[in-house]
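Structural features, examined
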Amino acid sequence: QVQLVESGGGLVQPGMSLRLSCAASGSGFTVATMGWYRQAPGNQRELVATITRGGSTNYADSVKGRFTISRDNAKNTVFLQMNSLKPEDTAVYYCNANTYGGVWGNYWGQGTQVTVSS
């Protein structure tokens, strides 16, 4: 089975930075596309950024130029560097991963809270 474990959320002031991490644990699979999504209270879950195994990235317009997604394939880990945070970035951030090989599936992490407030 595949488990995604996130870390790095917290409370920061506007303009500050945070870095989220998400590691996929388990064995017998290869991780394909990984991504970050977020859900604010009363809103639907939305895409933040994705990255393929080869390193191609995609960002929501609202975070372009401020957030950077990256990954370490050897450690099955994805990162989200969030700079110039705004109050509207406040949400629960979820990690997502697609796997193939011995284990095929789409998996979600448990979520980590990011709060941007003065």
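Okay, so let's go over this structure. (Residues numbered from 1 in each chain as written. Predicted model: local features only at pLDDT ≥ 70, side-chain atom pairs only at ≥ 80, totals over all residues. Heavy atoms only, no water.)

1. Side note on the overall build of the chain
Put simply, the test is: In this text, helices come from DSSP runs of H or I with a minimum length of four residues, and strands from runs of E with a minimum of two, each type numbered from the N-terminal end. The atom set for the radius of gyration is the C-alpha atoms, and the globule formula is 2.2 Å times the number of residues raised to the power 0.38. Partly exposed describes any residue whose relative accessible area lies between the buried limit of under 20% and the exposed limit of over 50%, with all areas from a 1.4 Å probe on protein chains only and scaled to the type maximum.
The secondary structure content of the chain amounts to zero helices and 11 strands. Each helix and strand of the chain, ordered N terminal to C terminal, gives the series β-β-β-β-β-β-β-β-β-β-β. The C-alpha radius of gyration of the chain comes to 14 Å, within 12% of the 13 Å expected for a compact globule of 118 residues. Taken over the C-alpha atoms alone, the chain extends approximately 45 × 25 × 20 Å along its principal axes. In the chain, which comprises 118 residues, the share counted as buried stands at 42%.

2. Overview of the sheet that holds strand β8 (residues 77-82)
Formally: Pairs of strands are assigned from DSSP output, requiring at least two bridges between the strands. Lines fitted to C-alpha atoms define the axes, with helix axes restricted to the stretch in contact, and inter-axis angles between N-to-C directions lie between 0 and 180 degrees.
The four strands lie next to each other as β1-β3-β8-β7, forming an open sheet whose pairing is antiparallel. Strand pairing shows two members of the sheet lacking a second neighbour, β1 (3-7) and β7 (67-72), which therefore form its edges. With strand direction ignored, the average angle separating the axes of adjacent strands in the sheet is 15°. Inspection of the sheet shows strand β3 (residues 18-25) paired to β8 by six bridges, in the antiparallel sense. Its bridge partner lying in β8, Cys-22 is registered against Val-78.

3. With respect to the pairing of strand β10 (residues 105-108)
The side chains of a regular strand alternate, first on one face of the sheet and then on the other. With four bridges joining them, strand β9 (residues 91-101) and β10 adopt antiparallel strand pairing. Counterpart to Ala-97 in the pairing with β10 is Tyr-107. Following β9, the chain reverses through three residues before pairing antiparallel with β10.

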